[in-house]
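Listed below are the residues making up each chain.
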Amino acid sequence: MARAWIAVASAEHVRIGRAQGFMQVCHGKSGPLRRTAAGDTVIYYSPAETMRGKDRLQAFTAIGTIADRVPYQSETAPGFLPWRRDVDWWPAAEIPIRPLLDQLAFTRAGNCGYQLRFGLFAIEPDDAARIAAAMRSGL
């Protein structure tokens with residue numbers, strides 16, 4: 001059964017992955033990607049525009065379906081070989097999280113900031129559907 005995931009990265013990094021058809025989480029670690037499967041939905045949440053930036057964004061920035069290809073490494077800089085997974089990105093608008101906070105199980109439960117620190121975590125199918133509808137209606 002397909003699952004849904006929230007991945008966390010700066011909007012700048014998400015846009016690179018979206019343009020090139022991949023996802024990368026947790027500074028390129030393989031373990032989190034290996035928990036995902038082909039057919040799963042991934043939704044990116046971006047706390048900021050840039051990595052470690054003070055430029056708060058707090059928005060969902062991409063949504064897609066994980067492709068049928070296992071995680072792989074790609075050299076992005078000399079000696080840096082992060083793990084990636086291919087994603088078929090959907091047409092969707094970047095939307096702020098704030099209007100959805102009281103509608104999502106993972107945010108209603110309390111401190112969602114704690115979960116976001118993991119970089120990748122599973123969410124309920126209803127949450128994924130609600131976020132997807134909002135992102136598609138924002139087009």
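Structural data are supplied above this passage.
As a starting point, this report considers the structure included with it. Everything quoted here is computed from the prediction, not taken from an experiment.

Cut-offs used in this document
- Residues numbered from 1 in each chain as written.
- Predicted model: local features only at pLDDT ≥ 70, side-chain atom pairs only at ≥ 80, totals over all residues.
- Heavy atoms only, no water.
- Helix = DSSP H or I, 4+ residues; strand = E, 2+ residues; numbered from the N terminus.
- Buried < 20%, exposed > 50% of the residue type's maximum accessible area, 1.4 Å probe, protein only.
- Pairing = 2+ DSSP bridges.
- Salt bridge = Lys/Arg side-chain N within 4 Å of Asp/Glu carboxyl O.
- Phe/Tyr/Trp six-rings, centres within 6.5 Å; stacked < 30°, edge-to-face > 60°.
- Lys NZ or Arg CZ within 6 Å of the ring centre and 35° of its normal.

1. A word on unusual backbone geometry
The phi angle at Cys26 is positive, at roughly 50°, despite the residue not being glycine. Locating Cys26 in the fold gives a position in the loop between β2 (22-23) and α2 (30-34). Within the chain, Gln58 stands out as a residue other than glycine whose phi angle is a positive 50°.

2. Focus on the pairing of strand β6 (residues 83-89)
Of all 7 residues making up β6, 5 are buried, and the element is well covered by its neighbours. Summarising the sheet, β2 and β6 pair through 2 bridges and their orientation is antiparallel. If you follow Met23 over to β6, its bridge partner there is Arg85. In terms of strand pairing, strand β4 (residues 56-66) meets β6 through 3 bridges, oriented antiparallel. For Gly64, the partnering residue across the bridge sits in β6 and is Trp89. Relative to β6, strand β5 (residues 72-73) runs antiparallel, the two being bridged by 2 bridges. Within β6, the position partnered with Gln73 by the bridge is Trp83.

3. Quick look at the pattern of salt bridges
Taken as a whole, this structure holds 4 salt bridges when the rule is applied. Glu49 is the partner of Arg15 in a salt bridge, and the nearest nitrogen-oxygen pair spans 2.8 Å. Within this pair, whereas Arg15 is found in helix α1 (residues 11-20), its partner Glu49 is found in the loop between β3 (41-48) and β4, the two being separated by 34 residues in sequence. Judged by its relative accessible area of 26%, Glu49 falls in the partly exposed class. With its nearest N and O atoms 3.5 Å apart, the salt bridge here joins Arg18 to Glu94. Taken as a pair, Arg18 in helix α1 and Glu94 in the loop between β6 and β7 (95-96) lie far apart in primary sequence, 76 residues in all. Taking the relative accessible area as the measure of exposure, Glu94 reaches 32% and is therefore partly exposed. Each of the salt bridges in this network shares a partner with another, and the network as a whole consists of Arg15, Arg18, Glu49 and Glu94.

4. Brief notes about the packing of aromatic side chains
Overall, the coordinates contain 3 aromatic pairs when judged by the stated rule. Over the aromatic face of Tyr72 sits the side chain of Arg69, whose NZ or CZ is 3.9 Å from the ring centroid. Here the guanidinium or amino end of Arg84 rests over the ring plane of Phe22, the centre of that ring lying 3.7 Å away.

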